[in-house]
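# Structural overview for review
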Amino acid sequence: MLIHTIAEVRAKVREWKKQGLTVGLVPTMGALHDGHLSLIKKSVETCDKTVISVFVNPIQFCPGEDFEKYPRTLDADRKLAEDAGVDIVFAPSAEEMYGAGHIMSNDFLTYVIPPFFYQDKLCGKSRVGHFDGVCTVVNKLFNIVQPDFAFFGEKDRQQLIIIQKMVKDLSIPVEIVPCPIVREDDGLAMSSRNRYLNDEERKDALVLKSILFNIKVCYNSGIKDVKALTETAYSYLKPCHSLEYLDFRDKNDLESKTIADNDTIVFIAVKLGSVRLIDNIALAG
Ligand code: PAF
């Protein structure tokens, strides 16, 4: 069922809750791929009812980013979601979410702002204000759907850690379920932005997984010094790769690591032409 208004979603969820049914939420910006479908599958397995949101959230894009060009494929998304067992596809307009006239204006919107320490690094460093927009919309979606469980991919691991922190700090009654990264056969992490890549860039994009997988092999062979682990990575980079960051951080609080351990996540962001790709790997396991 496709729903565009907050009132209709609330009414439907209220009915379900009266019947004692559990509700799962999978927040998305649409352009669904197998990564999203793995979150949906997990929700359908875990919960009686599943809602996905499809909303290209204007307030999480920075000036000059791809908001206008972000793929919008609602008909295809709806079909994929319903075939996968989703009960409601919630696709609100920006006006429905933020009010007419106030859509992109910080002055007229109450924001949820995660701690500076969680946002001043990795993606938050170049995408200033991005996580304010993410937390604000996710908090709003939680208030609208009131899910028992919400499913987030580990591909956007900084986002996942920030949302877990928000839920804990604000005592939001929802269980966050992290879901593993889904990769193409050749190892590229699935992302809606992969469709921007031309054939050459698609091949060059494998650098992210090559660097991360190599670091993990080196770590498993006994190298723990982050400087040493980083140095081997640079040999994979070609002039077409613009490395934004390669960073070793604690999986719980994003604290920087100089010696890698089993709590370490290695994060990477690379720009290929105008396409910015991110990936990460946990060193444990
Ligand atoms: O990960 C995403 O697709 C978005 O950041 C989210 C969580 C749907 C919020 O707009």
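Residues numbered from 1 in each chain as written. Predicted model: local features only at pLDDT ≥ 70, side-chain atom pairs only at ≥ 80, totals over all residues. Heavy atoms only, no water.

Attention now moves to the overall build of the chain. Scanning the chain from terminus to terminus reveals 11 helices and 9 strands. In terms of overall size, the chain behaves like a compact globule, its C-alpha atoms giving a radius of gyration of 19 Å where 285 residues would be expected to give roughly 19 Å. C-alpha extents for the chain along the principal axes are approximately 55 × 40 × 35 Å. Counting only carbon and sulfur atoms, one obtains 52% of the accessible surface of the chain, whose full area is about 13300 Å². Looking at the chain, you have 35 positive and 40 negative side-chain charges, and the mean spots of the two groups are 2 Å apart. (Helix = DSSP H or I, 4+ residues; strand = E, 2+ residues; numbered from the N terminus. Rg over C-alpha atoms; globule rule 2.2 N^0.38 Å. Areas by Shrake-Rupley, 256 points an atom, 1.4 Å probe, with all protein chains shown as cover. Lys, Arg positive; Asp, Glu negative; His and termini not counted. Charge placed at Lys NZ, Arg CZ, Asp CG, Glu CD.)

The subject of this paragraph is the nonpolar core. Judged by nonpolar contacts, the single largest core of 46 residues is most densely connected at Phe90, Phe142 and Ile176. The dominant element in this core, judged by the number of residues it contributes, is helix 7 (residues 130-145), at 9 residues. Filtering out sequence-adjacent residues up to four positions away, Phe142 remains in contact with Leu25, Pro147, Ala150, Phe152, Met166, Val167, Ile172, Val174 and Ile176. In terms of nonpolar packing, the next biggest core, distinct from the first, is built from 29 residues, Tyr70, Cys218, Ala233 and Ile281 among them. (Core = buried A, V, L, I, M, F, W, Y, C linked by side-chain atoms within 4.5 Å. Buried < 20%, exposed > 50% of the residue type's maximum accessible area, 1.4 Å probe, protein only. Contact = heavy atoms within 4.5 Å.)

Okay, the site of the ligand next. In the vicinity of the ligand, the contacting residues are Pro27, Thr28, Met29, Asn57, Gln60, Val134, Val137, Val138, Asp156 and Gln159. At a separation of 2.6 Å, an oxygen atom of the ligand approaches a polar side-chain atom of Gln60. One nitrogen or oxygen atom from the side chain of Gln159 is found 2.7 Å from an oxygen atom belonging to the ligand. Within the residue set of the shell around the ligand, elements represented by two or more residues are strand 2 (23-28) and helix 7. Per-element tally for the shell around the ligand: the top contributor is helix 7, with 3 residues. Of the residues assigned to the shell around the ligand, the class counts are 5 nonpolar, 4 polar and 1 charged. (Near = heavy atom within 4 Å. Polar contact = N/O pair within 3.5 Å; in protein donor to acceptor, adjacent residues only side chain to side chain. Nonpolar A, V, L, I, M, F, W, Y, C, P; charged D, E, K, R; others polar.)

It is worth spelling out the sheet that holds strand 3 (residues 49-54) at this point. Strand order in the open sheet made by the 6 strands is 1-4-3-2-5-6, with parallel pairing throughout. Lying at the two open borders of the sheet, with one neighbouring strand each, are strand 1 (2-3) and strand 6 (175-179). The pairing of strand 5 (residues 149-153) with strand 6 spans 5 bridges and is parallel. Across the sheet, residue Phe152 finds its bridge partner in strand 6, namely Pro178. Contacting strand 2, strand 3, strand 5 and strand 6, helix 2 (residues 34-46) crosses the sheet at an angle of about 155° to strand 5. (Pairing = 2+ DSSP bridges. Axes fitted to C-alpha atoms, helices over the stretch in contact; angles between N-to-C directions.)

Time to look at empty space enclosed by the protein. All chains considered together, the criterion is met by 1 cavity of 30 Å³ or more. Size it by volume and the largest cavity reaches roughly 40 Å³. Along the walls of the largest cavity sit Lys155, Leu188, Ala189, Asn194, Leu208, Leu277, Ile278 and Asp279, which together make up its complete lining. The residue inventory of the lining of the largest cavity, partitioned by class, reads 5 nonpolar, 1 polar and 2 charged. (1 Å grid on protein atoms, 1.4 Å probe; cavity = no way out; pocket = protein on both sides within 12 Å on 5 of 7 lines; lining within 4 Å. Points joined across faces, edges and corners; volume = space filled by probe spheres on them.)

Our focus in this paragraph is the side chain of Asp66. When you line up the elements, Asp66 lands in the loop between strand 3 and helix 3 (74-83). Polar contacts involving the side chain of Asp66 include one to the side chain of Arg193, which spans 2.8 Å. Excluding residues within four positions of it along the chain, Asp66 makes contact with Phe61, Arg193 and Tyr196.

According to the stated counting rule, one finds 5 aromatic pairs in the structure shown. Taking the centre distance of 5.9 Å and the plane angle of 75° together, the rings of Phe61 and Tyr70 count as edge-to-face. The two residues Phe61 and Tyr70 agree in class, both being buried. When the centroid spacing of 6.5 Å and the interplanar angle of 85° are considered together, the rings of Phe142 and Phe152 count as edge-to-face. (Phe/Tyr/Trp six-rings, centres within 6.5 Å; stacked < 30°, edge-to-face > 60°.)

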